[in-house]
Amino acid sequence: MTLRLYDTATRSVRDFVPREAGKVGVYLCGLTLQAPPHIGHLRSGVNYDVLRRWLLAAGYEVTFIRNLTDIDDKLLVKAGEQGRPFWSIAYVNELLLAESYRALNVLPPTYEPRATGHIPEMHELITKLIADGHAYPATDGSGDVYFDVASWPAYGSLSGQSPDAMQSAGDAPDRGKRDPRDFALWKGAKPDEPADAYWPSPWGLGRPGWHIECSAMCWRYLGPEFDIHGGGLDLTFPHHENEIAQSKAAGLPFARYWVHHGLLSIGGAKMGKSAGNALDLAYVDSLGVRPVELRYYYAAAHYRSVIDYSEDSLRDAATAYRRIEGFVQRAAERVGAGQPGELPAGFVAAMNDDLNTSAALAVLQQHLRDGNTALSAGDDVTVRTTLAVVRAMLDILGIDPLNPAWTGGGRSNDLRAVVDSLIALALEQRAQARGRKDWAAADAVRDQLKLAGVVVEDTPQGPRWTIGEQD
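About the cut-offs
- Residues numbered from 1 in each chain as written.
- Predicted model: local features only at pLDDT ≥ 70, side-chain atom pairs only at ≥ 80, totals over all residues.
- Heavy atoms only, no water.
- UniProt positions renumbered as here; feature names shortened; annotations may be inferred.
- Helix = DSSP H or I, 4+ residues; strand = E, 2+ residues; numbered from the N terminus.
- Salt bridge = Lys/Arg side-chain N within 4 Å of Asp/Glu carboxyl O.
- Contact = heavy atoms within 4.5 Å.
- Phe/Tyr/Trp six-rings, centres within 6.5 Å; stacked < 30°, edge-to-face > 60°.
- Buried < 20%, exposed > 50% of the residue type's maximum accessible area, 1.4 Å probe, protein only.
- Pairing = 2+ DSSP bridges.
- Right-handed = clockwise from strand over helix to strand, strands pointing away.

The chain appears in an unreviewed UniProt entry as Cysteine--tRNA ligase from Micromonospora jinlongensis. Reading the Catalytic activity (unreviewed entry) entry of the UniProt record for the chain gives the comment "tRNA(Cys) + L-cysteine + ATP = L-cysteinyl-tRNA(Cys) + AMP + diphosphate". Turning to the chain, the UniProt record has this under Subunit (unreviewed entry): "Monomer."

What follows is the structure, encoded as structure tokens:
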């Protein structure tokens, strides 16, 4: 079955046919680095990581580019507010973003370009647009250069908007524009902005507009035409609309598929620093929810759906994941971890249907039920085969509990070792109490562990413990 993806440009689910057989080029609009990442941002990383893993599982060679916007209006405002260089703010937030993605087992991109590293490519595109009559330098002495929206009749096709109904682009004063809808490709130096936020150009000292940055980086790393351009639904207009216009007007065929993910909201409002409702990984950790459980929370919803965040829904997802984890751990203790096996047909069909992860997880749940039944019956053959199939499905979603990403290295694993030792000591005290038939003392140890959130299960192989509720 062929992978089918919803393409925003055609407003339809289309068969995915790459530009070059066996190879896929993907560009994902990354973060603007004016603030630390929140869990709304991180949904994007996980969603496209699942897409990438599915393409890799299908045998494609994937070139995955995820950019960093390290110069823009918002970042310069932050620099002024904090009295710090804009690049210092950007770099700190870049490191925090990388740490967050590692915590969520998001594969590193093939390359992660910064906008400030691609000024020459931007100049080349802008120069061509001016020469072809699609852009013009402002005549007000500002040093700005604008894209002429009226010169591109297809403008608005991605977002389905009529140019006649559009308002001012709002990215620069209208005084230098021929048309208020025209958007900035290059912004001349302004006296009230940081003195180190400018580069020389044919139009004077200045810096790039937001939209030209991505067109230049797509072109640099994926060529004139590539397969998939991704980003949040909120980027469809104006960012992606402007990318298409300026890229195609410059003669680049550009993206063949436009794949947008739904946002993570809170109380029906978009999550963001400016709204005062941004929640980060530290907050999630304070709830006792691990990064792998947050990743499951993202993956359980279809990538195009809106997730309206609540603590209850996140905790429910964590509980659901712990049940999956419990089967994997019990099965591995019984028959060995083994290796991920073949993917079941139902899972493959669901993932090929526009990455329908919710349907894919329904297939996973059926195999979990079969595996738990086999565990209860002592059917080790079925346990072994089921574990391999379950791990294969979890591996695609990036949440296999036995993957080294979740079992090795890092502070969380140091803490796990400490907890292991403390619980092992408590279980040894319980075993000694049972050995001398002091049932009250043994029960007291078990009850105290339960109050701490540790559930003890007696098995033929000895006691085992888990965090949270038993199945």
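There's plenty left to go through after this.
Asks: Give a description of unusual backbone geometry that names residues and reports values.
Replies: In terms of backbone geometry, most residues other than glycine have negative phi values and most peptide bonds are trans. In this chain, Phe237 is followed by Pro238 through a cis amide linkage whose omega measures 5°. By secondary structure assignment, the location of Pro238 is in helix H6 (residues 236–249). One non-glycine residue, Phe254, lies in positive phi territory at about 70°. Here Phe254 is to be found in strand E10 (residues 254–261).

Asks: Can you break down the pattern of salt bridges residue by residue, with the values?
Replies: Two side chains of opposite charge can pair, provided their charged atoms sit close to one another. Taken as a whole, this structure holds 28 salt bridges when the rule is applied. Asp73 serves as the salt-bridge partner of Lys187, at 2.7 Å between the closest nitrogen and oxygen. Residue Lys187 is found in strand E7 (residues 183–188), and its partner Asp73 is found in helix H2 (residues 73–82); the two are separated by 114 residues along the sequence. Beyond isolated ion pairs, a larger network of salt bridges with shared partners links Asp73, Lys187, Glu193 and Arg207.

Asks: Break down the side chain of Glu94 for me, with residues and values.
Replies: For Glu94, the location among the structural elements is in helix H3 (residues 86–103). Ignoring sequence-local partners within four residues, the contact set of Glu94 consists of Leu33, Leu68 and Arg114.

Asks: Give me the lowdown on the packing of aromatic side chains, citing residues and values where you can.
Replies: Tallying each qualifying case throughout the model produces 15 aromatic pairs. Here Trp54 and Phe347 contribute two aromatic rings whose centre-to-centre distance is 6.2 Å and whose plane-to-plane angle is 70°, an arrangement assigned as edge-to-face. Taken as a pair, Trp54 in helix H1 (residues 39–57) and Phe347 in helix H10 (residues 345–352) lie far apart in primary sequence, 293 residues in all. Judged by centre distance (5.3 Å) and plane angle (80°), the rings of Phe226 and Phe254 are edge-to-face. Of the two residues, Phe226 is situated in strand E9 (residues 225–232) and Phe254 in strand E10; the sequence distance between them amounts to 28 residues. Residue classification places Phe254 among the buried residues on the basis of a relative accessible area of 2%.

Asks: So what's going on with the pairing of strand E3 (residues 23–28)? Residues and values would help.
Replies: Across the six residues of E3, five count as buried, placing the element largely inside the fold. Pairing geometry for E3 and strand E4 (residues 61–66), over six bridges, is parallel. The residue of E4 that forms the bridge with Lys23 is Glu61. At this point the chain moves from E3, through H1, to the parallel E4, and the crossover so formed is right-handed.

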